[in-house]
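# Fold and contact review
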Number of protein chains: 4
Amino acid sequence: MAGNTFGTLFKLSTFGESHGVALGGIIDGCPAGLKIDLSFISNELAKRRPGQSKIVSQRKEQDEIEFLSGLYQGKTTGAPIGFIIKNTDVKSKDYNHLKDVLRPSHADYTYIEKYGIRHTDGGGRSSARETVCRVVGGAIAKLLLKKYKITVQAYTSQVGNIILNKNYKELNLNTTYDNDVHCPDASIAQQMKNKIEEVRKEGDTIGGTITCIVYSVPVGLGEPVFDKLHADLGKAMLSINAAKGFEYGSGFEGTKMKGSEHNDLFISNKNKVSTITNYSGGVQGGVSNGQDIYCKVAFKPVSTIMKEQKSINKEGNEVVYSGKGRHDPCVLPRAVVIVEAMAALVIADHLLRNKTSKI
Amino acid sequence: MAGNTFGTLFKLSTFGESHGVALGGIIDGCPAGLKIDLSFISNELAKRRPGQSKIVSQRKEQDEIEFLSGLYQGKTTGAPIGFIIKNTDVKSKDYNHLKDVLRPSHADYTYIEKYGIRHTDGGGRSSARETVCRVVGGAIAKLLLKKYKITVQAYTSQVGNIILNKNYKELNLNTTYDNDVHCPDASIAQQMKNKIEEVRKEGDTIGGTITCIVYSVPVGLGEPVFDKLHADLGKAMLSINAAKGFEYGSGFEGTKMKGSEHNDLFISNKNKVSTITNYSGGVQGGVSNGQDIYCKVAFKPVSTIMKEQKSINKEGNEVVYSGKGRHDPCVLPRAVVIVEAMAALVIADHLLRNKTSKI
Amino acid sequence: MAGNTFGTLFKLSTFGESHGVALGGIIDGCPAGLKIDLSFISNELAKRRPGQSKIVSQRKEQDEIEFLSGLYQGKTTGAPIGFIIKNTDVKSKDYNHLKDVLRPSHADYTYIEKYGIRHTDGGGRSSARETVCRVVGGAIAKLLLKKYKITVQAYTSQVGNIILNKNYKELNLNTTYDNDVHCPDASIAQQMKNKIEEVRKEGDTIGGTITCIVYSVPVGLGEPVFDKLHADLGKAMLSINAAKGFEYGSGFEGTKMKGSEHNDLFISNKNKVSTITNYSGGVQGGVSNGQDIYCKVAFKPVSTIMKEQKSINKEGNEVVYSGKGRHDPCVLPRAVVIVEAMAALVIADHLLRNKTSKI
Amino acid sequence: MAGNTFGTLFKLSTFGESHGVALGGIIDGCPAGLKIDLSFISNELAKRRPGQSKIVSQRKEQDEIEFLSGLYQGKTTGAPIGFIIKNTDVKSKDYNHLKDVLRPSHADYTYIEKYGIRHTDGGGRSSARETVCRVVGGAIAKLLLKKYKITVQAYTSQVGNIILNKNYKELNLNTTYDNDVHCPDASIAQQMKNKIEEVRKEGDTIGGTITCIVYSVPVGLGEPVFDKLHADLGKAMLSINAAKGFEYGSGFEGTKMKGSEHNDLFISNKNKVSTITNYSGGVQGGVSNGQDIYCKVAFKPVSTIMKEQKSINKEGNEVVYSGKGRHDPCVLPRAVVIVEAMAALVIADHLLRNKTSKI
């Protein structure tokens, strides 16, 4: 119950610290016979890899993945898929000055209280470096979903007060990864990039939102009561480092509407049922209804800033420190593929869960 | 994996339909020796009971709870606590005209596709009547939390465009249940009530938000990676009927801030560590830091309206129908105690989970 | 994690004490659309009901089951199936003299140490009365298995030193329930009955074994490593009150054989693969191979005897006591259907689990 | 639910195949602050390592373990402990002649039917090579148990018809690992060794039993109903490759006894409660009572023999084949430490689970 496993039938378990030997994980429950495209997985990893532009962390990690089990002649065998990714660009000494500092809004204080011990080289287990394993799991989930024609696409929809105010249907999501911020509107993307560079130069950081859409989910995924599809999606997203909020469909804005405005009227055309509007965000009663599933995730500004800050040390004495190491001024660009990965894991899990809903 | 159980160590499993014989559940994993105050539980149930004012459903349910096991001489024994609540005011004929209609934004369509069969008397399993069992589980969780001085308080913070724009610290939360909408500001509460009555008269419904605070949570609850405390809280809230969004701490607004503004600086006073601000919402790195935990949940307008709506029937033909039966024009007033219950269940579960974090 | 739930996809959770208001449970994960034959379930319950002959407990329980949810028009709906069975013949005063006694080989001492509190009317949660709920769950599992032509049959194969030394294939298992001991060999059954009556008259008790066969299990059920089919069967059986041992296939005797004798050679006939011998007991590598699954379960003599015994009380002082109440001189006759129920639950669970083994 | 994880709070997940790149696993839920003695772990691994004597497989594996996470300065941090063990002595060509053969009493047939694909180099996931990861998990569990003074000791108690007919209390278990068969009676050990060499020379194999004792388990471990301590022990043991049976305490022999003989009378001495006899095997009502826990596990003769055997191939045609590769003529010697590992995992898990049994 230590919470390092996600999913019930399609399960990802992860291990590894920011500055340890390696990170890795086990994907258990992936059906046998799925062809694994290794270049696709590498490509997914590239989307969150640090060091690719000035607006992300300068850490140089190749993120080369080694699969250790579960595959045979390029296909899954039904056995657990073990994998590791070695840490290569580890500069633990960047953290020597922090061994005793409890950095504000980090996990230093909470971990030391919870465990009585803390891995002080980098963020240890609390580092977002852990998410590299989620991208691996998500990539395999995406390959499974592909067999069912389901696709997942996310993009940066806000950075600070720069907001992409278009509906996802007005955007060409295939251009999302064409720029450094991973926003499918080139003009807004440039403004976002400018904003990130501006705060980076100040030694500061900035937050934002990511929007995610899952297309072609069949009707029936999700369990009615506690494991509603959107509840599991919400948990998945909120478990990503720096996440502060989640909404799907009409979300917080929908609270101001009346039922007569908000209800999604059904239409039937050639035996295919769909809805005219989609305030439901593709989920009704916790179960997918065949329409697009869309949601938005809020991310706070990264806590590690390069400015001087007051804090305390383990003894409770006041200290002044400033961040070193290689950090992201904005988590959003690299988080886009992580959001996609978490969505893919949730949908893949519920796809398998739904195999036993009826006789 | 059918999703009718919540929690890992402190577990609530529920069963029952809107118009079935009875609802009920099992609370498993509650430590032995906890004194159970039955009048407290009844009082909690009263907070969500229908039929108490004009702005909620007129169904008359006594919601009398029968405990069948797990208690001995007023205390928990460590055995599972089984309980039932009989349905007494069942008017299934109110639903006869709906047997074939797929009501917009309800679970009719998704259930029939998922299961191939649907309980057509009322909402069946998808009805919010299920939440009565959550209140029972939450009440027992609250009694456990009380032993640790932890308390949970929620309130209606928005109805439609009527927004309570005060910080929870400016409010007297002990007055929350003094009015029908369960909002601790009497003046705003009256506006909300007027709003609800207005939409009710139109045969329409309205959405809103509930804010929830958990006080005195010890440092260390929550698991770092997938089961972050706020991720489990988010899932808990999103699993409530009609929930559309969740945020904690600075939430969606915090995305516009810079790290230097958003970081919660630590101060140490007489060996007690606290933070000056609390944008973190009491959770850092997924683990509680001893500050107040606060979050907000968005609820859509109830789907059942008394106006005529177009829809389709199971055969895919267009029909016009209007709601009958006894429904809430606004889910908020009755959902306040449900939000509290879900928060209590999450905290109780993590309280137990944290018992094994260190040697 | 309090252990009152069995199964992963087809799940049975139970509650209730020997002398409480009612016992009951929730069956969660049963696929929708399964026709539930209530008279079949009653008939199953009748097979373990006390008071039916002189060789079992004289407690008079009707064991009338009330289904509270999850069924609609005689079929499962996919919603959790809640049920209760009221205790009607409760004589708590039979236990007044035992409130402070720690009865030898009972759970009195272990429960009081574990929980600090104990339900002292009868065995409380440790009573075999709990198994009535297993029979309900098992009956529904059997109905599911029937759709796949899978059947489960168990019988008493030993009582004390009276041993039924025939292979199950030499017996007509349809006659098992024709006599009070539930042994399909009438002559041996009579000897067993005599044995039980003999010990009962002495105020004593006796142990024995039950053999169980599952027919027509498709190839492929069971998970290779920790959740091997026979491992889950073993756990299921060992969780029954008074169970002391479990073996399947060649079992303990097989340890004396050589590999060349023990290997089950394959033969293929009209594309149907089978084995000449079946020392494997229908399971190879933890996965069913299509042959009969058979196993044997050992049960100790019931701990409650009507003779005087020395023991101690809660204060650690020596006491002499003798059993009162209505107890079984031999657990075997009533345990046959419980063994069947547990086998059915395991197979039903793995049947569902296997739905996602391959693409 | 693919069954590659064992335990609920102290959890071991494993991956890896016999002839893959590496095996490995994750230990999740180990409390923080536990000192990890690496030489102890290596020593445990040495006890199951192949190639150490003529009576075991001649495969030469160093079984060098690499810990990748979860440790800091020699102690557990509360983060998941990831580890790998590389396969070094892989001779896949030994299996080329078997690619199409369905070997009798192996998992070839059941895997191909279940997954539609099979790793044909060696046993793949079904190989007992997987148990190397169990020994790692068990070693860490033993280190945790040591903090509570709990110890686990197993030994070979039977090989074929050579039976060690002494009670464990008459033996010096510290001498168990002094000989190749891991039997603490030197004279019987020699007979067992002779027996194994005899069958090995015939190209045959032989079965046997292992006895296991857990000392100093505190009162209160185990959950009353489905997760009884002995049920979880039984499942653990039955999940080991080649296991065919499990009994604890009086086991199958106890079935012949009367209650008056079998009951373990309590005695109290200086406030310490114990029992005169221990037919209960240290578990009453599913919960440990403070007495020694002891059990016995039956293992079948290894299926891979070096003699010619008839079988069929995937097409269903008859073939004759004989085993190649490096196999154990008797699984017992190397299984002793595996049995200990599984026992340690179960007790460690229940130790943690019991932390929340009462307020």
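Described in the following lines is the structure provided in the data block. (Residues numbered from 1 in each chain as written. Chains lettered and ligands numbered in written order. Predicted model: local features only at pLDDT ≥ 70, side-chain atom pairs only at ≥ 80, totals over all residues. Heavy atoms only, no water.)

On to the environment of Lys86 of chain D, then. All names here are of chain D. In this structure, Lys86 sits in strand β7 (residues 81–86). Residue classification places Lys86 among the partly exposed positions, given a relative accessible area of 39%. For the pair Lys86 and Glu61, spaced 25 residues apart in the sequence, the C-alpha separation amounts to 8.8 Å. In contact with Lys86, not counting residues within four places along its chain, are Val21, Ala22, Glu61, Glu64, Glu66 and Arg129. Polar contacts involving the side chain of Lys86 include one to the side chain of Glu66, which spans 3.1 Å. (Helix = DSSP H or I, 4+ residues; strand = E, 2+ residues; numbered from the N terminus. Buried < 20%, exposed > 50% of the residue type's maximum accessible area, 1.4 Å probe, protein only. Contact = heavy atoms within 4.5 Å. Polar contact = N/O pair within 3.5 Å; in protein donor to acceptor, adjacent residues only side chain to side chain.)

On to the relation of the copies chain B and chain A. Superposing chain B onto chain A takes a rotation of 180° plus a shift of 0.0 Å along the axis, which leaves an RMSD of 0.0 Å. Here the two chains are linked by the operation of a two-fold rotation axis. Interface overlap between copies: 100% of the residues of chain B at the interface are likewise at the interface in chain A, consistent with a symmetric, same-surface contact. (Least-squares fit on C-alpha atoms with pLDDT ≥ 70 in both.)

Residues and elements named next belong to chain A. For the coordinates displayed, the defined rule picks out 30 aromatic pairs over all chains. In this structure an aromatic cluster arises from ring pairing among Tyr168, Tyr215 and Tyr294. Above the plane of the ring of Tyr177 lies Lys47, whose end atom (NZ or CZ) is 4.3 Å from the centre. (Phe/Tyr/Trp six-rings, centres within 6.5 Å; stacked < 30°, edge-to-face > 60°. Lys NZ or Arg CZ within 6 Å of the ring centre and 35° of its normal.)

The subject of this paragraph is the interface of chain D and chain B. Residue-level contacts link 14 residues of chain D with 14 residues of chain B. With both sides pooled, the region where chain D packs onto chain B buries about 1100 Å², and carbon together with sulfur makes up 75% of that total. In this assembly, chain D and chain B are joined by 4 residue pairs in polar contact (both at pLDDT 80 or more). (Buried area = accessible area lost by both parts, 1.4 Å probe.)

Scanning the model with the defined rule gives 100 salt bridges over all chains in all. Where Glu44 of chain B meets Lys47 of chain B, a salt bridge forms, and the shortest distance between an N and an O atom there is 2.9 Å. Of the two residues, Glu44 of chain B and Lys47 of chain B are both situated in helix α1 (residues 38–48); the distance of 3 residues between them amounts to about one turn of the helix. Between Glu61 of chain B and Arg129 of chain B there is a salt bridge whose closest N-O contact spans 3.6 Å. Taken together, the residues Glu61 of chain B in the loop between α1 and β4 (65–67) and Arg129 of chain B in the loop between α2 (108–115) and α3 (131–146) connect sequence positions 68 residues apart. In this structure, Glu61 of chain B and Arg129 of chain B share a single accessibility class: buried. When salt bridges with common partners are traced through the structure, they connect Arg48, Arg59, Glu61, Asp63 and Arg129 of chain A into a single cluster. (Salt bridge = Lys/Arg side-chain N within 4 Å of Asp/Glu carboxyl O.)

Further remarks concern the sheet that holds strand β8 (residues 101–102) of chain C. Sheet strands pair by backbone hydrogen bonding; their relative direction is either parallel or antiparallel. Residues and elements named next belong to chain C. One open sheet accounts for 3 strands, arranged β8-β18-β19; its pairing is antiparallel. Looking at which strands have only one partner, the edges of the open sheet turn out to be β8 and β19 (318–322). Bridge count between strand β18 (residues 308–313) and β19: 5 bridges; the pairing is antiparallel. Paired with Glu308 across the strands is Ser322, a residue of β19. (Pairing = 2+ DSSP bridges.)

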